[in-house]
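Here is how the chains run, residue by residue.
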Amino acid sequence: MTRYIFVTGGVVSSLGKGIISSSIGKLLQDRGYSITIQKFDPYINIDPGTLNPYEHGECYVTVDGMETDLDLGHYERFTGIHTTRNNSITTGRIYKTVIDRERRGDYLGKTIQVVPHITDEIKRRMLRKDEEETGTLPDFVITEVGGTIGDIESAPFMEAIRQLRWELGKRAACVHLTYVPYLKAADELKTKPTQHSVKEMQGMGIQPDVLILRTEKHLSDSVRQKVASFCNVDLECVVQSEDMPSIYEVPVSMQQQGLDAALLRKFGIPVGETPKMERWHKFLEMRRNATRIVKIGLVGKYDLQDAYKSIRESIILAGIYNGVKIELKFINSEHTFSAETWKDIDGVVICPGFGKRGIEGKIEAVKYCRENNIPTFGICLGMQMMVIEFARDVLGYTDANSSEMDSETPHNVIDIMEEQKTITEMGGTMRLGAYDCDLLPGSRVRQIYNEATIQERHRHRYEFNNKYLDEFEKNGMMCVGRNPKSNLVEIVEIPGLKWFIGTQFHPEYSSSVLNPHPLFMNFVKTIIDE
Ligand code: GLN
């Protein structure tokens, strides 16, 4: 019997609903339950694949090739589950399904309306009806709704939740995340915004079961008591989420306050013993003990924390497991570099991206790193920049480029993939999701992965041009990972250097707290073993 947990947010955005949803998932998993976590976003785009990272941060990619919200990255990193295209839904997708159905004539002459047609489709997806039919539903489905209570565009989602609460009875629970601001001048924590937010929800017919209060200062029992009584919520269900030194402390704090136990009681499920979360605690302890600083430069064009979220987290996790504290320095590839840029930088990641802007800076950064033997990790566009730099400076093709940036270049060492040539629509048409990659026997990557064939996730249209393969290899840049079917080059390496590896795929999407990715692990290890 599947239970459904809905996570909504009030007062302001950016409170960390994704972290809370992930933490709830993690805590239930540790009690032996199977879970999935899905995100419903109120915008009209079919998926965030076409969004500029300035709008919505990183675009995360699932194994089955869906371009999704970055919160799915948190879900996977915290819980180790694999999400799929069913885990990231937008208003656009809901409407598209309904409109396509209407065009097919499936509604038999009915007037199609937000209620019930749009809300029914939302409910169908919230309930994960397809999985229900195949009997593959997990014990808990956690649904996070993007946006803030009161937004016009999330109203149909709220109506769907209201109906589901009613229909599912004790099999549904609503968790609402709000903010308790601290007013310095008054030296007071204010619960009024929370009260208003809950009132707004109640106005929509939804009574939250659990309130999680984001706060910069510890909340006393009397503050929690006040919220409980004004919002009709049990005291044990008013939980605080204080600022933490790391997001990975959040599940522990939630467990200490009994959030998972309170939820189980709501569902009428026996609570049982509190899981020890040994591996998680061990990880946190390693994090606290890691004091030696390793400085990694992130060369990219988006000066925004969320744009390279999974890469950041993957490096930080690899640092913790290697016993060091990673300090990430953003290096804007659109600015000119100086000696100051590279001062104290122990390793460099050349970030993914699209389009011309900032690529000459990335190429310059690659050159500096290659010539100065600085450990360097190129990811997707970053790998392509390694290839272009090598073609320009080692092979002597000074005009070498990717046909993405210069369609006229005579030396298109990075070229559009064959199957991409006929594609005209931008949304969801890249080479997306997990593909096999054979690792060259005897290569460093083969050793690092300790496997002959791996699967990694992709998101690109352009590729290494195999016409130049021999020339690259003769001159020292080796193609050490290939797709067994298409022969596409997925990994390049200059074996003579300390660590100079570029991957066409995105290893950052598959690094999790309890299973940090071997490439990031080895990258950091090489830096500290020096
Ligand atoms: N723009 C490049 C391509 O489409 C790289 C994409 C990426 O970095 N994700 O091939």
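All of these numbers come straight from a predicted model, not from anything done at the bench. Numbers given to residues run from 1 along each chain, matching the order in which its sequence is written. Whole-chain, interface and lining totals are the exception, using all residues; otherwise, since this is a predicted model, local features are given only for residues with pLDDT of at least 70 and side-chain atom pairs are given and counted only at 80 or more. Computation of side-chain values covers all heavy atoms of the structure but excludes hydrogens and water.

1. Section: the pairing of strand β1 (residues 3–9)
A regular strand places its side chains so that they alternate between the two faces of the sheet. Rules: Type-normalised accessible area, obtained with a 1.4 Å probe on protein chains alone, sets the label of each residue: buried when under 20%, exposed when over 50%, and partly exposed for intermediate values. Every helix listed is a DSSP run of H or I at least four residues long, and every strand listed is a run of E at least two residues long, numbered separately from the N terminus. Note on pairing: DSSP must find at least two bridges between two strands before they are called paired.
Buried residues dominate β1, accounting for seven of its seven residues. Pairing analysis gives five bridges linking β1 to strand β6 (residues 140–145), with the strands arranged parallel. By the bridge assignment, V7 is partnered in β6 with E144. Judged from the six bridges that link them, β1 and strand β7 (residues 172–179) form a sheet pairing that is parallel. By the bridge assignment, Y4 is partnered in β7 with A172.

2. Topic: the sheet that holds strand β19 (residues 453–460)
This is how it is decided: The axes used here are C-alpha line fits, helices contributing only the stretch in contact, and every angle between their N-to-C directions lies in the interval 0 to 180 degrees. Contacts are assigned to residue pairs that have any heavy atoms within 4.5 Å of one another.
Across the sheet, which stays open at both edges, the nine strands sit in the order β13-β12-β14-β15-β23-β22-β21-β18-β19 with mixed pairing between neighbours. Each edge of the open sheet carries a strand with a single partner, namely β13 (325–332) and β19. Geometrically, the sheet is characterised by an average inter-axis angle of 30° between neighbouring strands, direction not taken into account. As defined by bridge partners, strand β12 (residues 293–300) adjoins β13 across eight bridges and the pair is classed as parallel. Across the sheet, K295 pairs through a bridge with E327, a residue of β13. Contacts from helix α15 (residues 359–371) reach β12, β14 (347–350), β15 (376–379) and β23 (500–503), with the element oriented near 150° to β14.

3. Regarding the packing of helix α4 (residues 91–104) against helix α5 (residues 114–126)
Worth spelling out the cut-off: Each crossing gets its hand from how the near helix is turned against the far one by less than a right angle, where anticlockwise is left-handed and clockwise is right-handed. Under the scheme applied, nonpolar residues are Ala, Val, Leu, Ile, Met, Phe, Trp, Tyr, Cys and Pro; charged residues are Asp, Glu, Lys and Arg; polar residues are all the others, including Gly.
Where α4 meets α5, the axes come as close as 10 Å, and the angle between the chain directions of the two elements is 115°. Crossing angle aside, the handedness with which α4 passes α5 is right-handed. Where α4 abuts α5, its residues R93, I94, Y95, T97, V98 and R101 lie against V114, H117, I118, E121, I122, R124 and R125. Here the residues of the contact of α4 with α5 are counted per class, giving six nonpolar, two polar and five charged.

4. Section: the sheet that holds strand β11 (residues 238–242)
With parallel pairing, the seven strands of this open sheet are ordered in space as β5-β2-β6-β1-β7-β10-β11. Sheet topology places β5 (88–90) and β11 at the edges, where each strand pairs with a single neighbour. On average, each strand axis in the sheet is tilted by 20° relative to the strand beside it, whichever way the strands run. Running at roughly 175° to β6, helix α1 (residues 17–30) makes contact with β1, β2 (35–41), β6, β7, β10 (210–215) and β11 of the sheet. Packed onto the sheet, helix α7 (residues 155–168) meets β1, β2, β6 and β7 and runs at close to 150° relative to β1.

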